[in-house]
2 protein chains.
Amino acid sequence: MSEIGADPMSKDFRRYGAIEGGGTKFVVLTGSDPDHIDRLEQIETTTPQKTLQRCIDFLVEEHRRSALAAVGIGMFGPVDLRKGSSTYGYVTTTPKLLWQFTDIVGPLQQALGIPIGWENDVNAAVLGEARYGAGRSCDPLVYLTVGTGVGGGVYVGGRVLHGLLHPEMGHVLMPSVPGDDFEGACPFHGRCLEGLVSGPAIEARCRRPASMVPMDDPAWGIVAEYLGAALMDISLILSPERIVLGGGVIADGWLLPKIREVLVRRLQSYLAHALLGERVDEYVVSSALGGRAGVIGALAVAREAAEAEG
Amino acid sequence: MSEIGADPMSKDFRRYGAIEGGGTKFVVLTGSDPDHIDRLEQIETTTPQKTLQRCIDFLVEEHRRSALAAVGIGMFGPVDLRKGSSTYGYVTTTPKLLWQFTDIVGPLQQALGIPIGWENDVNAAVLGEARYGAGRSCDPLVYLTVGTGVGGGVYVGGRVLHGLLHPEMGHVLMPSVPGDDFEGACPFHGRCLEGLVSGPAIEARCRRPASMVPMDDPAWGIVAEYLGAALMDISLILSPERIVLGGGVIADGWLLPKIREVLVRRLQSYLAHALLGERVDEYVVSSALGGRAGVIGALAVAREAAEAEG
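Since the structure is predicted, the reported quantities are computational estimates derived from the model, not experimental observations.

1. Examining the packing of aromatic side chains
Point 1. Taken as a whole and assessed by the stated rule, the structure comprises 8 aromatic pairs over all chains.
Point 2. Within the aromatic cluster, the residues linked to one another by ring pairs are A:Phe26, A:Phe76 and A:Trp99.

2. Thoughts on the packing of helix H6 (residues 218–238) of chain B against helix H7 (residues 256–267) of chain B
Residues and elements named next belong to chain B.
Point 1. One way to put it is that H6 packs onto H7 with a least axis distance of 8 Å and a crossing angle of 55°. Classified by the angle their axes make, H6 and H7 are oblique. Judged by the sense of rotation from one axis to the other, the crossing of H6 with H7 is right-handed. Contacts between H6 and H7 involve Trp220, Ala224, Glu225, Leu227, Gly228, Ala229, Leu231, Met232, Ser235 and Leu236 from the first element and Lys258, Ile259, Val262, Leu263, Arg265, Arg266 and Leu267 from the second.
Point 2. Split by residue class, the contact of H6 with H7 holds 11 nonpolar, 2 polar and 4 charged.

3. What about the domain arrangement of chain A?
All names here are of chain A.
Point 1. Domain annotation of chain A identifies domain 1 (16–124 + 291–308) and domain 2 (137–287).
Point 2. On a C-alpha basis, the centroid separation for the pair domain 1 and domain 2 is 27 Å.
Point 3. In this assembly, 8 residues from domain 1 lie in contact with 11 residues from domain 2.
Point 4. The junction of domain 1 with domain 2 conceals about 820 Å² of combined surface from both sides, 57% of it contributed by carbon and sulfur atoms.

4. What about the environment of B:Ala111?
All names here are of chain B.
Point 1. One can find Ala111 in helix H2 (residues 105–112).
Point 2. Separated by 84 residues in the primary sequence, Ala111 and Gly195 place their C-alpha atoms 40 Å from one another.
Point 3. Those residues within four positions of Ala111 in sequence are excluded, and the remaining contacts are Ile56 and Val60.

5. Re the relation of the copies chain A and chain B
Point 1. Each copy of the sequence occupies a distinct position, and chain A is placed on chain B by a rotation of 180° and an axial shift of 0.0 Å, giving an RMSD of 0.0 Å. Both copies are brought into coincidence by an operation consistent with a two-fold rotation axis. Identified as the residue of chain A closest to the rotation axis by C-alpha distance is A:Pro175, at 2.1 Å.
Point 2. A shared binding surface is used by both copies, with 100% of the interface residues of chain A retained as interface residues in chain B.

6. What about unusual backbone geometry?
Point 1. A cis amide bond links A:Gly77 to the next residue, A:Pro78, at an omega of 0°.
Point 2. A cis amide bond links B:Asp139 with the next residue in sequence, B:Pro140, at an omega value of 5°.
Point 3. Here B:Pro140 is to be found in the loop between helix H3 (121–132) and strand S8 (141–146).
Point 4. A positive phi angle, close to 50°, is found at B:Ser239, a residue other than glycine.
Point 5. Positive phi, close to 55°, is recorded for B:Gln268, a residue that is not glycine.

About the thresholds
- Residues numbered from 1 in each chain as written.
- Chains lettered and ligands numbered in written order.
- Predicted model: local features only at pLDDT ≥ 70, side-chain atom pairs only at ≥ 80, totals over all residues.
- Heavy atoms only, no water.
- Phe/Tyr/Trp six-rings, centres within 6.5 Å; stacked < 30°, edge-to-face > 60°.
- Axes fitted to C-alpha atoms, helices over the stretch in contact; angles between N-to-C directions.
- Helix = DSSP H or I, 4+ residues; strand = E, 2+ residues; numbered from the N terminus.
- Parallel < 35°, antiparallel > 145°, perpendicular 65-115°, else oblique.
- Left-handed = near helix turned anticlockwise from the far one by under 90°.
- Contact = heavy atoms within 4.5 Å.
- Nonpolar A, V, L, I, M, F, W, Y, C, P; charged D, E, K, R; others polar.
- Domains from an automatic or database assignment.
- Buried area = accessible area lost by both parts, 1.4 Å probe.
- Least-squares fit on C-alpha atoms with pLDDT ≥ 70 in both.

Okay, structure coming up:
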């Protein structure tokens, strides 16, 4: 729908650093905006010490070459986003044991001495879509990723929503779908959204990896049924102007028409707006940043951090 | 929890008008804050012409006596809140046929010539709770009313959330509860939250008015089960700092401990915060404004409208 690119209103050509921290790889880059990337590197996720040090080395070298105004991080979670908390800037209770309670922001701050913006991966992604991607000029905006896990970020009032902790909308409860007796795969909630539509949930249901389940398998109709139900709940609670979908299960977007159909059918015209009716293809859209959503989001987080410092 | 009263930070002693527009009665008042109400009147809801004219007469007389800085309205819906829309300030597709597509803001604006703040009833209520009630210093804050209907308002980033339309969280979808085969009473969605826990839904389930169902009836356990599930979804999508419950079904709050118990049980400690665990009684609270939530909310809406004009 929208094209990727720099915010046309922006006259900001300062240089930023950005880190996308993922479970299998980190992506680190420097640049001003998605159209002006100076250097990008991928780093395998091993121990926190090794992985972080390589990010720091990259950014210190770049900062020496030409000053960075700030660094932004979009990190796999759970992370502590509460300013003033003793573990602010940490990855906290992650199942990746080596990374539990690891300080991420501290070492970067110490090495660089510039503002460090800090968000979890989906918060960074929603900011990236809002600034540079499929959600420009939409507020509120929701980004929902459906992959190994299911998670969502919210952009509202011109900023990323934190709240008490941060949204965890992958775990919303699901209505029953007639004929579906799959017990759900979430270790916490069984049949929550993530327990029904994540990659591992689809694999548990179909007894093969999600990527190997053919497009005409009835399982996809069920997955779309739950995703449409989740988008209904999100629409009713938050009234977003757009919902951007990303992640491996959404991939190239072939499931979107089915999801939109479920959303419109379930709403039963209760919300009187064309975007929830005939124009639903403008309401539920694919990520415009795709595989770059994480690191471009982190770049947007860097810019926010620089602006917050004035 | 919190006490009702004026914001202690406020030095604002300007006079405002406030209208709570309800299905059976309107409440109109003038005053500066909940502790300084000058005059209050209740008006039976009949035709829009008669009811509105009585509100206008009251406010014009008061405005002559001593100038009002603004008027705030909290109106039964659905209403059009979109500034710039041709029906902004109207009640729109209400089942109350006499009131369909009635301009509310226009006649008041014309008669008074001062700023008119305009919200639906739950949006006004959440603002009232945020400014004067049980939600002070909480942001995001959610207000959920459970009565003839179920509706909710959201306060986030220091203001009432509108979004594409406005939240309609009474209609979120519900998981099945083992042993409950009640088909739900919502004409749109059957087993959505409103279809399972509103006064009419409880009456349909129990074959007598909700107020006549004894406290030890198992139906209340089921109602609490669904309300706890809804609060879980709201918590996961919005991450509010507090949820305030009001409305006739909540009444004096005896159902709250059951609802809190369901919320904590269903979350399974997934959200690591004491407010979603041992301190849940500070997270899910009763309205501090009770029966006055609507009109005190409208007073808060008036103040916002005056401040928006500078």
